[in-house]
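Observations on the three-dimensional arrangement
Chain residues, written in single-letter form:
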Amino acid sequence: MAKEGANDAADAAVAAGQTQADAADRGVEEVRRQFDAIQELMKPYVDAGTGGLTGMQDLIGLNGADAQRTAISAIEAGPEFSALLGQGQEGILANASATGGLRGGNTQGALAQFRPALLSQLLNERFSKLGGITQLGQASAAGQASAGIQTGQQVSDLFQQQGAALAGGILGAGNASAQYKIGIGNQIGNTLGTLGTLKLLNKF
């Protein structure tokens, strides 16, 4: 193998390895871009789930008494509670009027019990709805975690491919150089052998 040919082979091996390594780099960039896109898509759901969990914790007092009072007061001051309270009270009074018990103790008792019962019902409903949002956020977070694991594995595989490509290029260049040196050695050996033969012939 001529020196120029050996150099060309070495250069080609290195270039091929670099091309493969560059392709692996582009693959890494694309995998990371896709992961970032998944995170961006899931972010609203994860954020909603985080808010839902905080709301649940507020309602049951895990974030302190002040947060619990604020959460309960917000429900009690809300339009849903006001509307249902008014409708319920009107229903109790209409029923009492129809039965002639408008001023009776039973009517007053029913009115007194209705407000806390309604608030308790709405608290349970709110907690349940927040739980649904929290589960949605949890599922989205789990999806992000799964995507993160897959991304890590893909990036690791691509880096391994990149390393193998670069190593292959270096080994290919080394082999080309070694083959050239072996060829030179063989030529020198052949030349020395020929000279030795000629010297022996000259003695005769």
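Just so we're clear, the structure is a prediction, and the values are computed from it rather than from any experiment.

1. Here we look at the overall build of the chain
- A count of helices and strands for the chain gives four helices and zero strands.
- Counting helices and strands in the order they occur from the N terminus, the chain gives α-α-α-α.
- Looking at the chain as a whole, 23% of its 204 residues qualify as buried.
- Long-range pairs, those at least 24 residues apart, make up 80% of the contacts in the chain between residues at least 6 apart in sequence.
- Here the chain displays about 13400 Å² of accessible surface, and carbon together with sulfur accounts for 58% of that area.

2. Focus: the confidence of the model for the chain
- For the chain, mean pLDDT is 73; residues scoring 70 or higher make up 57% of the total.
- Averaged pLDDT values over the elements of the chain bottom out at 68 in helix H4 (residues 105-203) and peak at 95 in helix H2 (residues 65-76).
- Here residues 180-186 is modelled with pLDDT under 50, and outside its nearest four sequence neighbours on either side it reaches four contacts, counting other chains as well.

3. Here we look at the nonpolar core
- Counting ten residues, the largest nonpolar core consists of Met 56, Leu 59, Ala 71, Ile 75, Phe 81, Leu 85, Leu 118, Leu 119, Leu 122 and Leu 130.
- Mapped by element, the contributors of at least two residues to this core are helix H1 (3-59), H2, helix H3 (79-99) and H4.
- Beyond its immediate stretch of four places on either side in the chain, Leu 118 contacts Phe 81, Leu 84 and Leu 85.

4. Some details on the environment of Gln 144
- With respect to the helices and strands, Gln 144 occurs in helix H4.
- You can call Gln 144 buried: its relative accessible area is 18%.
- Between the C-alpha atom of Gln 144 and that of Met 42, which follows or precedes it by 102 residues, the distance is 7.4 Å.
- Excluding residues within four positions of it along the chain, Gln 144 makes contact with Phe 35, Gln 39, Met 42, Lys 43 and Val 46.

5. Some words on the environment of Ile 60
- Counting through the fold element by element, Ile 60 comes out in the loop between H1 and H2.
- C-alpha separation for the pair Ile 60 and Leu 123, spaced 63 residues apart in sequence, amounts to 9.8 Å.
- With residues up to four places along the chain from it excluded, the contact list for Ile 60 reads Gln 68 and Phe 127.

6. Some thoughts on the side chain of Thr 134
- Looking at the secondary structure, you find Thr 134 in helix H4.
- We classify Thr 134 as buried; its relative accessible area is 15%.
- A polar atom in the side chain of Thr 134 sits 3.0 Å from the backbone nitrogen of Leu 53.
- Beyond its immediate stretch of four places on either side in the chain, Thr 134 contacts Gly 49, Gly 52, Leu 53 and Met 56.

Quick notes on the rules
- Residues numbered from 1 in each chain as written.
- Predicted model: local features only at pLDDT ≥ 70, side-chain atom pairs only at ≥ 80, totals over all residues.
- Heavy atoms only, no water.
- Helix = DSSP H or I, 4+ residues; strand = E, 2+ residues; numbered from the N terminus.
- Buried < 20%, exposed > 50% of the residue type's maximum accessible area, 1.4 Å probe, protein only.
- Contact = heavy atoms within 4.5 Å.
- Areas by Shrake-Rupley, 256 points an atom, 1.4 Å probe, with all protein chains shown as cover.
- pLDDT = per-residue confidence, 0-100.
- Core = buried A, V, L, I, M, F, W, Y, C linked by side-chain atoms within 4.5 Å.
- Polar contact = N/O pair within 3.5 Å; in protein donor to acceptor, adjacent residues only side chain to side chain.

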